[in-house]
Every structure is written in C-alpha cells, then in structure tokens.
Amino acid sequence: MEAAPRSQADVPHGTPADPSGTSGVSGPVGRADLGRIVVRSPEQMRELGRRLAGLLRAGDLVMLTGELGAGKTTLTRGLGEGLGVRGAVTSPTFVIARVHPPLGDGPPLVHVDAYRLGGGLDEMEDLDLDVSLPDSVIVVEWGEGKVEELTDDRLHIVIHRAVGDTSDEVRRVTLTGVGERWAAADLGGLSD
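A. Expanded view of the overall build of the chain. Each helix and strand in the chain was counted, giving 5 helices and 8 strands. Walking the chain from its N terminus toward its C terminus, one meets helices and strands in the order β-β-α-β-α-β-β-α-α-β-β-β-α. Going through the 192 residues of the chain one by one, you find that 47% of them count as buried. Sequence-distant contacts, at least 24 apart, represent 67% of the contacts inside the chain between residues at least 6 apart. When the accessible area of the chain is evaluated, it comes to approximately 9,200 Å², of which 48% is carbon and sulfur surface.

B. Looking closely at helix α1 (residues 42-53). Taking 1.5 Å of rise per residue, 12 residues should cover 16 Å, and α1 covers 17 Å from first to last C-alpha, within 8% of that figure. Within α1, burial applies to Met45, Leu48, Gly49, Leu52 and Ala53. Projection of α1 onto a plane perpendicular to its axis shows the buried side chains occupying an angular sector of 135°, all on one side. Looking at the buried side of α1, the elements it contacts are β2 (31-39), α2 (72-83), β7 (154-161) and β8 (171-178).

C. Local environment of unusual backbone geometry. A positive phi is found at Trp142, a non-glycine position, where the angle reads about 60°. Along the chain, the position of Trp142 falls in the loop between β6 (137-141) and β7.

D. Highlighting the pairing of β7. For β7, the tally of buried residues reaches 7 of 8 residues, placing the bulk of the element in the interior. Pairing of strand β3 (residues 61-66) with β7, which is carried by 5 bridges, proceeds in the parallel orientation. By the bridge assignment for β7, Thr65 is matched with Val158. For β7 and β8, the ladder comprises 8 bridges, and the chain directions are antiparallel. Residue pairing across strands places His160 opposite Arg172, the latter belonging to β8.

E. Geometry of the pairing of strand β5 (residues 109-113). Summarising burial for β5: 5 of the 5 residues are buried, a large majority. For strand β4 (residues 97-100) and β5, the ladder comprises 4 bridges, and the chain directions are antiparallel. The residue bridging Ala97 from the neighbouring strand is Val112, located in β5. Pairing between β5 and β6: 5 bridges, direction parallel. Across the sheet, Val112 pairs through a bridge with Val140, a residue of β6.

F. Region of the structure containing α2. Between its first and last C-alpha atoms α2 spans 16 Å; for 12 residues at 1.5 Å apiece the expected length is 16 Å, and the two agree. When you tally the buried positions in α2, you get 9 out of 12 residues, the bulk of the element. Among the residues of α2, Lys72, Thr73, Thr74, Leu75, Thr76, Gly78, Leu79, Gly80 and Leu83 are the ones counted as buried. Residues of α2 that are buried sit in contact with α1, β3, β5, β6 and β7. Where α2 ends, the next residue or the one after it, Gly84, has phi of about 70°, a positive value.

G. Representation of the pattern of salt bridges. Counting across every chain of the model gives 7 salt bridges. Between Glu43 and Arg50 there is a salt bridge whose closest N-O contact spans 2.4 Å. A residue is classified by how much of its surface remains accessible, and Glu43, at 44% relative accessible area, is partly exposed. A single salt-bridge network, built from bridges that share partners, covers Glu43, Arg46, Glu47, Arg50, Arg51 and Glu81.

About the thresholds
- Residues numbered from 1 in each chain as written.
- Predicted model: local features only at pLDDT ≥ 70, side-chain atom pairs only at ≥ 80, totals over all residues.
- Heavy atoms only, no water.
- Helix = DSSP H or I, 4+ residues; strand = E, 2+ residues; numbered from the N terminus.
- Buried < 20%, exposed > 50% of the residue type's maximum accessible area, 1.4 Å probe, protein only.
- Contact = heavy atoms within 4.5 Å.
- Areas by Shrake-Rupley, 256 points an atom, 1.4 Å probe, with all protein chains shown as cover.
- Expected span 1.5 Å × (residues − 1).
- Arc of directions from axis to C-beta.
- Pairing = 2+ DSSP bridges.
- Salt bridge = Lys/Arg side-chain N within 4 Å of Asp/Glu carboxyl O.

As structure tokens, then:
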C-alpha cells in the first residue's frame, strides 16, 4: 500500500470533497480529508482493514462506497480480523445486517449491506442501528445517503477501481472523516 497524491483530480466521482479545496476541517460539522491510499491486491485491502481496526472504537460508524467488486467486503473482513470478532465476515447482501460478537474485550462489529435498500434511515430503522451504535463498530456498505443521520461523526471510505473488462487489481482508497471524532485523526500509519 502506498499513499496516493492528494489532488482534487484524484478524488473519485461521488467522494465527499472539502469545499474549501484544502485538506482539513471545514463546513458546519467538520470534514477532514484523511488521506488517499493505493491498494494493489486483495491482501493489501485486508491489511488496510486490519490496520484501520486499530483506530476504531465502539460508537464508530464507517460508510463504504465503491463499485461492485471494489473491495468493500474485503476491507470489512480485515476490520473484523483486526477487531478480533467471531465469525467469517462475508457480504450480508441477502440478510442486510450481520453482527459479529467480539472474541475478547473489544466492540462487536455490525456489518450492513444497504445495497438493496432504497430509502434513507427510515427504511433501516428495523435494523436498530441507532441502538447498536454506542456499543459497536458499524460498517455500512452502500450507506451513502442512508445512514448519515445516525451520528454527526463518521468515517467515509470510498474505494475506486477501474471499471469495464479489466483485471486491474489497483484500488484508490479515499478516507474522509466527518465530525469532531475524526477532525484530528492521524491515519498516516495506514499506508506503511
């Protein structure tokens, strides 16, 4: 993994960008560009998840955005390994949400796939994510526009990959923190 250049041209379509054009906190809630990382293989994506898990704590909401096959579940699998949770982390597309209890003292991982959900938070109320959030790390694939109301603090990860008929394994991962929780976060060690 390597750090990618931090220019606006490198921000994938759909990525929340700092409206001031600088990397830092801006806006009423606070939005921080936490970095861009180039990932060259599925194993590196899992390793990124394992490293990121060391920075997460109960109450954290992580939103994952990216094309089909971009590596959202692979990243979440690494998060699960890093958090030390029980059960194989697989895509919860058909069950919508899966809870992975901790094997030790850490928080459980709640893994949600909102791909088949069309509406906002109202459609997700049956999942009780607001009840789970204080005690869990919640990762939501396809959550953009659906779960932002859960908390003012969230980590939004966008995974960009080449589309079309390609065997290119390279992914460009953009991390954006929203809210006070992520305003001063140092994620520099993720790309080592």
